[in-house]
Amino acid sequence: MQLFQKLIIIGDKGEKKVANALENVFKENVFIKRKFKIPTITSSKEADILLIHPALGIFIIEVKNKDKIEEKDYLQAKEYRDLLLAYLKEKIGKIPINIEYKVFYPKIPKTKPPFGYENHTLFKEDLDDLKTLFKSTYNSVPLYESFKKVLEALEIDFDAKPIISHNQIEFFDQKQLSVLNSYKGGFRLIRGVAGSGKTVILTTFANKVKNPLILSFNSTLNKKLKQNIKNPTAKVFTLFKFLTHIGIDLPDTNDFDKKFKFIAQNLDLIEKKLKTFLNKNEINYFLVDEAQDMEAGFLRMMINNISNSLIFIDEAQKFYNYSLKNFDEVTKHPKYPPLSVKGRRTINLKNIYRTPNNIAKCALDIVKNDSTLNRYYKNINFIKENFSNEIKLLLKEGELNILKINDQKIEEIINSIDKNETYLILTHNKNKRDTLRKKFKNVETINGSKGLEADHVIVDDFYKFLYKNQHNDIFFKQLYLTYSPRLNAGDSGFKTMVADI
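Here the structure is a predicted model, which means the values were calculated and not measured.

### Examining the overall build of the chain
When helices and strands are tallied, the chain shows 17 helices and 20 strands. Counting every position in the chain, which comprises 501 residues, the buried fraction comes to 54%. Within the chain, contacts between residues separated by at least 24 positions form 68% of all contacts whose residues are at least 6 apart in sequence. Of the accessible surface of the chain, which amounts to about 24300 Å², a share of 48% is contributed by carbon and sulfur atoms.

So this is what it looks like as structure tokens:
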């Protein structure tokens, strides 16, 4: 009896060590339970550790606190995984989430696992580096409602967060989590296509750290950031407002080209004013949303003066003539030494959460025609029968309608929309925008729609926009912006885009 109790204590010690290591890696957004009883029809089996992560999946982890690897350990863990699969399939039908099994040997140094179990084995060294846990045979990020069904079936109360948008709730995936959890300071570039969660990551990070400075170019986006960043130590500005705040007298003009030329020609003066500002204000982090809209020299100067800098960018959404064509303009700016973006300094986000897949496909197919974009965009080859590893579109198809519409038709469409759903009307110029605003709410120009989202998008005068802009250098980027970031997938289904032609 004493020997049996001693074995239990030894086993518990190993499980506790592994559980603690897991908790250190997954500081949030995870459910970890020791001694989890797997519900079955005929019997009750007990897994050493159950780990549930909304994006990475469910892991049955058997901890073997011994000095020898045995195949029976894997067969046991696999049996528990299969029992859980069978139970969930009976309860909810099709399994919406990845379910894996792992065998953890916390006393055995890393060695070659038995054939076929390479992705299922963890060793002593993995207590300090759990990257191997992420090696999954299948990667499926469940929608919120599907994830809730899994939790309900397992009778688990787990409030996973944060969310990707206010309508369609999604969770941070592995790459997004790495932006938040693996960042140890310094410079980092986060690139992502429209709808990949850049602004949500920035907002979440800004709410977690002390004394961040957040800049955006677009005033609409800036307003949204101010609403969502609740951190009392955060300072949130547009580019021009920040320059005015630190004492720069910008040219009194609405010509942004002239303002950007002024910034480029007065970097030394701006840097002097910035240093005065930093001496009076403690700034620990510099965050930029939609960095492609910033002036290259200014952005580089800010990175040089604030060492902890996270720059969020989508070059495909660059459509102002005066802003960045490519981030190389920042890293290879002639006024400053080269800045490396290699290795962990760059993170490419590749899951699209916000836009239904047929509309996202349309947007990405359009932007691939732009010869100025870097390889990240040019090499997108994601639409096959199954999605490729490059870009993952997670939402089912929405409605994409091309038809002739007028003000009466717009009114009919809006009246048909559920009162709990939102709409956004886009048009090609400010004069038409002002005219439509006399009849409708939520009207913006295509260029002015950055940062906005809606369940239903109506594009007015699309034919005139195409005719007017088809020879414009930024034509493809404007089309991409029109299609890609605006449309949300709502709780009750996937919504519509209507383009007038």
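### Things to note about helix 8 (residues 256-265)
Three or more residues of helix 8 are buried, namely Lys 259, Phe 260 and Ile 263. The arc that holds the buried residues of helix 8, viewed along the axis, is 95°, so those residues lie on one side. Exposed and facing more than 90 degrees away from the buried side of helix 8 are Lys 258, Lys 261 and Gln 265. Tucked inside the fold, the buried residues of helix 8 contact helix 7 (239-245), helix 9 (267-280) and helix 10 (296-305). Put simply, Asp 255 is the residue that caps the front of helix 8, since its side-chain oxygen is 3.0 Å from the backbone nitrogen of Asp 257.

### Quick look at the pairing of strand 2 (residues 45-53)
Across the 9 residues that make up strand 2, a large majority, 7, are buried. Bridge count for strand 1 (residues 31-38) against strand 2 is 7 bridges, and the pairing is antiparallel. In the strand pairing of strand 2, Ile 32 is matched with Leu 51. Two elements, strand 2 and strand 3 (residues 57-63), share 5 bridges in a ladder whose sense is antiparallel. Among the inter-strand pairings, Leu 51 is bridged to a residue of strand 3, identified as Phe 59.

### Considering the sheet that holds strand 1
Spatial strand order, 1-2-3-4-5: 5 strands in an open sheet with mixed pairing. The open sheet has two free edges, formed respectively by strand 1 and strand 5 (121-122), since each of these has just one partner strand. Relative to the sheet, helix 2 (residues 71-92) contacts strand 1, strand 2, strand 3, strand 4 (99-104) and strand 5, its axis offset from that of strand 4 by approximately 155°.

### Some details on the packing of helix 5 (residues 198-208) against helix 6 (residues 219-228)
Their axes nearest at 10 Å, the elements helix 5 and helix 6 cross at an angle of 40°. Judged on the interaxial angle alone, helix 6 and helix 5 are oblique. Read as a crossing pair, helix 5 and helix 6 show a hand that is right-handed. The residues of helix 6 that touch helix 5, namely those facing Thr 199, Leu 202, Thr 203 and Asn 207, are Leu 221, Leu 225 and Asn 228.

### Considering the pattern of salt bridges
The final tally for this structure, using the stated rule, is 13 salt bridges. The partner of Glu 62 in a salt bridge is Lys 64, with the nearest N and O atoms 3.7 Å apart. With a relative accessible area of 14%, Lys 64 lands in the buried category.

### Some words on the packing of helix 9 against helix 10
Between helix 9 and helix 10, whose axes approach to 11 Å, the crossing angle comes to 35°. Once helix 9 is placed against helix 10, the crossing between them reads as right-handed. Across the interface between the two elements, Leu 267, Ile 270, Glu 271, Leu 274, Lys 275 and Leu 278 from helix 9 touch Gly 297, Phe 298, Met 301, Met 302 and Asn 305 from helix 10. For the contact of helix 9 with helix 10, the class distribution of residues is 7 nonpolar, 2 polar and 2 charged.

### Structural notes on the pairing of strand 17 (residues 456-459)
The two faces of strand 17 match: His 456 and Ile 458 on one face and Val 457 and Val 459 on the other face are all buried. Taken together, the 4 bridges between strand 15 (residues 423-427) and strand 17 define a ladder with parallel strand orientation. Residue pairing for strand 17: Leu 424 is matched across the bridge by Val 457.

### Quick word on the environment of Ile 263
Secondary-structure assignment places Ile 263 in helix 8. For the pair Ile 263 and Ala 296, spaced 33 residues apart in sequence, the C-alpha separation works out to 9.6 Å. With residues near it in sequence (within four places) discarded, Ile 263 still touches Leu 239, Phe 240, Leu 243, Leu 250, Ile 270, Glu 295 and Phe 298.

### So, helix 2
If you check helix 2, its first and last C-alpha atoms are 31 Å apart, about what 22 residues at 1.5 Å a residue would give, namely 32 Å. Listing the buried residues of helix 2 in full gives Asp 73, Tyr 74, Ala 77, Tyr 80, Arg 81, Leu 84, Tyr 87 and Leu 88. Taken end-on, helix 2 shows its buried residues confined to a sector of 160°, consistent with a single buried face. Projecting away from the buried face of helix 2 at angles above 90 degrees are the exposed residues Lys 72, Lys 89 and Glu 90.

### Side note on the sheet that holds strand 9 (residues 285-288)
Pairing in this open sheet of 6 strands is parallel, and the strands run 8-7-9-10-6-11 from one edge to the other. Looking along the sheet, the strands with just one partner apiece sit at the ends: strand 8 (235-238) and strand 11 (346-349). Averaged over all adjacent pairs, the angle separating strand axes in this sheet is 15°, with direction ignored. With 3 bridges connecting them, strand 9 and strand 10 (residues 309-313) associate as parallel partners. Each bridged residue has a counterpart across the sheet, and for Leu 287 the counterpart in strand 10 is Leu 310.

### Looking at the confidence of the model for the chain
Averaged over every residue, the pLDDT of the chain is 77; the share at 70 or more is 68%. Within the chain, no element has a lower average pLDDT than strand 19 (residues 493-494), which sits at 34, and none a higher one than strand 9, at 97. Within the model, pLDDT remains below 50 along residues 483-497, and this stretch shows 82 contacts once partners closer than five positions in the same chain are excluded.

### Here we look at the packing of aromatic side chains
Within the structure shown, the criterion is met by 16 aromatic pairs. Measuring from centroid to centroid gives 6.4 Å for Tyr 183 and Tyr 285, while their planes differ by 55°, and the two rings are tilted. Remark: Tyr 285 occurs in strand 9 and Tyr 183 occurs in the loop between helix 4 (174-181) and strand 6 (187-192); sequence separation between them is 102 residues. Each of the two residues, Tyr 183 as well as Tyr 285, counts as buried. Between the aromatic rings of Phe 242 and Phe 277, the centroid separation amounts to 5.4 Å while the plane-to-plane angle is 90°, which identifies the pairing as edge-to-face.

### Side note on the nonpolar core
Within the largest apolar cluster, 39 residues are counted, with the highest numbers of intra-cluster contacts made by Phe 242, Phe 298, Leu 299, Met 302 and Ile 311. At the level of secondary structure, the elements contributing two or more residues to this core comprise strand 6, strand 7 (212-216), helix 7, helix 8, helix 9, strand 9, helix 10 and strand 10. The element contributing the most residues to this core is helix 10, with 6 residues. Apart from residues no more than four positions distant in its own chain, Leu 299 is found in contact with Phe 286, Val 288, Ala 291, Met 294, Ile 311, Leu 324, Phe 327 and Val 330. Of all hydrophobic cores here, the second largest spans 29 residues; its members include Tyr 101, Phe 123, Leu 154 and Phe 158.

Conventions adopted
Residues numbered from 1 in each chain as written. Predicted model: local features only at pLDDT ≥ 70, side-chain atom pairs only at ≥ 80, totals over all residues. Heavy atoms only, no water. Helix = DSSP H or I, 4+ residues; strand = E, 2+ residues; numbered from the N terminus. Buried < 20%, exposed > 50% of the residue type's maximum accessible area, 1.4 Å probe, protein only. Contact = heavy atoms within 4.5 Å. Areas by Shrake-Rupley, 256 points an atom, 1.4 Å probe, with all protein chains shown as cover. Arc of directions from axis to C-beta. Polar contact = N/O pair within 3.5 Å; in protein donor to acceptor, adjacent residues only side chain to side chain. Pairing = 2+ DSSP bridges. Axes fitted to C-alpha atoms, helices over the stretch in contact; angles between N-to-C directions. Parallel < 35°, antiparallel > 145°, perpendicular 65-115°, else oblique. Left-handed = near helix turned anticlockwise from the far one by under 90°. Salt bridge = Lys/Arg side-chain N within 4 Å of Asp/Glu carboxyl O. Nonpolar A, V, L, I, M, F, W, Y, C, P; charged D, E, K, R; others polar. Expected span 1.5 Å × (residues − 1). pLDDT = per-residue confidence, 0-100. Phe/Tyr/Trp six-rings, centres within 6.5 Å; stacked < 30°, edge-to-face > 60°. Core = buried A, V, L, I, M, F, W, Y, C linked by side-chain atoms within 4.5 Å.

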